[in-house]
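Structural description and commentary
Each chain, letter by letter, is given below.
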Amino acid sequence: MINFTGKKKLEGVIPALILPVNEKGKTNFKLLEKQTTYLVSAGVNGLFINGTTGEGAWLTTDEKVEAFKVAKEMSEGKVFLCAACIQPSTEMVINEIRDFEKLEPDYIVAVTPYYYGVSQNVIIEHFKKIAQYSSIPLIIYNIPQCTHNKIELSTILKLSQEENIAGVKDSSGDFISFTRGACTSVPESFSWIQGEDYLDGPAFNCGANGIVTGLGNVWIEPYIKMYQAARARNNSRVNKMQKEIDNLYELIQVTGGKVIPAIKAAVTLLGRSTKWMKIPSLTLGDEDIEKVKRVIVKLGLFSEK
């Protein structure tokens with residue numbers, strides 16, 4: 001198995017960084033710097049850049065590279081950096097990796113092929129080819145609600161044996177498969193990363209190495225306290241922090257499940273983003289933003305004074 005010498009361990013709290021943009025969809029670099037600084041200063045372990053919460057599927061490669069450069073500069077080497085290359089085919093992922101290799105991310109992230117349905121054998125070959133090509137360790141990203149191609153547990157276990165595959169970020173919500181995997185013997189270098197905020201505490205209590213959170217862009221402190229509690233094997237405190245996260249999740253519930261728009265609206269109210277989505281028509285309206293405001297006021301994160 002690969003020895004990730006010099007690499008920061010894939011573990012802990014890894015926010016999926018949002019991308020502040022203006023009304024025309026152009027990146028607001030000042031606010032991106034501010035949000036990155038907030039997360040890094042709070043004590044996160046890594047950053048997940050250009051992922052789902054970062055609207056990576058709607059970004060050009062050039063836009064992804066620019067966002068990564070800002071995150072790298074502002075993080076000053078204090079955290080590891082995961083560069084998501086969300087593309088629908090193996091060749092397209094590999095081509096995008098070429099643009100990132102010179103920027104030296106700690107990890108590359110890829111989803112399954114998408115648009116067309118594919119078999120588990122195709123998924124295995126897809127990730128194996130990416131891992132063999134890349135000079136950077138690969139994180140498998142399981143998010144079937146977006147790709148429509150689920151990565152089965154048996155497939156993840158096979159891929160865990162591959163050189164240069166560092167772990168899986170699981171956003172499927174299939175907690176049975178995730179916990180079965182986390183309890184299975186795999187190479188020590190392979191990490192199990194939970195990607196569903198509602199499951200973070202249970203995942204840590206079942207042996208997960210880390211979490212990727214989009215919601216944590218709003219308020220990252222409970223996640224950091226949760227990870228500290230997990231490392232101390234204080235399950236009751238882990239559960240307490242999960243309740244805080246569940247309360248924060250209300251800002252998504254009150255908007256009818258508009259996940260990324262609600263997160264961006266909340267971070268905007270806190271002065272670290274804009275409300276705009278890359279596709280402007282997805283941006284929350286004033287009525288929904290007011291609902292989001294009420295949630296963060298109730299949590300003591302925002303004062304109307």
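Reference entry: report on the structure contained in this document. Remember, predicted model here, so these are calculated numbers, not experimental data.

A word on the nonpolar core. Within soluble globular proteins, side chains that are nonpolar generally end up buried alongside one another. Grouped together as the largest cluster of nonpolar side chains are 80 residues, with contacts concentrated most on Leu47, Trp192, Leu215, Val218 and Leu251. Looking at this core, the element that brings in the most residues is helix H9 (residues 221-231), giving 6 residues. If sequence neighbours within four positions are ignored, leucine 215 has contacts with Asp197, Tyr223, Ile245, Leu248, Tyr249, Leu251, Ile252 and Ile263. One finds Ala84, Ile86, Tyr141 and Ile193 within the second-largest nonpolar core, a separate group that totals 17 residues.

Attention shifts here to the state of the cysteines. Per the stated rule, a full pass over the model turns up 0 disulfides. Cysteine 82 carries a free sulfur, and the closest cysteine sulfur to it, the one in cysteine 85, is 11 Å from it. Cysteine 82 sits in the buried class, given a relative accessible area of 0%. This cysteine, cysteine 183, is not joined by any disulfide, and cysteine 206 carries the nearest cysteine sulfur, 6.3 Å off. For cysteine 183, a relative accessible area of 62% puts it in the exposed group.

As a further point, take a nonpolar patch on the surface. Taken together, the side chains of Trp58, Ile279 and Leu282 define a hydrophobic patch exposed on the protein surface, amounting to about 260 Å² of accessible area. Looking at the secondary structure, you find isoleucine 279 in the loop between helix H12 (259-269) and helix H13 (286-298).

As for its placement among the helices and strands, isoleucine 86 is situated in the loop between strand E3 (80-84) and helix H3 (90-101). Residues in contact with isoleucine 86, not counting those within four places in the same chain, are Asn50, Gly51, Thr52, Ala57, Lys64, Glu96, Val111, Tyr114 and Tyr141.

Across the interface, helix H1 (residues 29-42) lies against helix H2 (residues 61-75) with an axial gap of 9 Å and an inter-helix angle of 45°. Taken together, the axes of H1 and H2 lie oblique to each other. H1 and H2 meet at a crossing whose hand is right-handed. The residues of H2 that touch H1, namely those facing Phe29, Leu32, Glu33, Thr36, Thr37 and Val40, are Glu66, Ala67, Val70, Ala71, Met74 and Ser75. The class makeup of the residues in the contact of H1 with H2 is 7 nonpolar, 3 polar and 2 charged.

Thresholds applied
- Residues numbered from 1 in each chain as written.
- Predicted model: local features only at pLDDT ≥ 70, side-chain atom pairs only at ≥ 80, totals over all residues.
- Heavy atoms only, no water.
- Core = buried A, V, L, I, M, F, W, Y, C linked by side-chain atoms within 4.5 Å.
- Buried < 20%, exposed > 50% of the residue type's maximum accessible area, 1.4 Å probe, protein only.
- Helix = DSSP H or I, 4+ residues; strand = E, 2+ residues; numbered from the N terminus.
- Contact = heavy atoms within 4.5 Å.
- Disulfide = S-S within 2.5 Å.
- Patch = residues over 30% accessible without salt bridge, like charges linked within 9 Å, V, L, I, M, F, W, Y side chains within 5 Å.
- Areas by Shrake-Rupley, 256 points an atom, 1.4 Å probe, with all protein chains shown as cover.
- Salt bridge = Lys/Arg side-chain N within 4 Å of Asp/Glu carboxyl O.
- Axes fitted to C-alpha atoms, helices over the stretch in contact; angles between N-to-C directions.
- Parallel < 35°, antiparallel > 145°, perpendicular 65-115°, else oblique.
- Left-handed = near helix turned anticlockwise from the far one by under 90°.
- Nonpolar A, V, L, I, M, F, W, Y, C, P; charged D, E, K, R; others polar.

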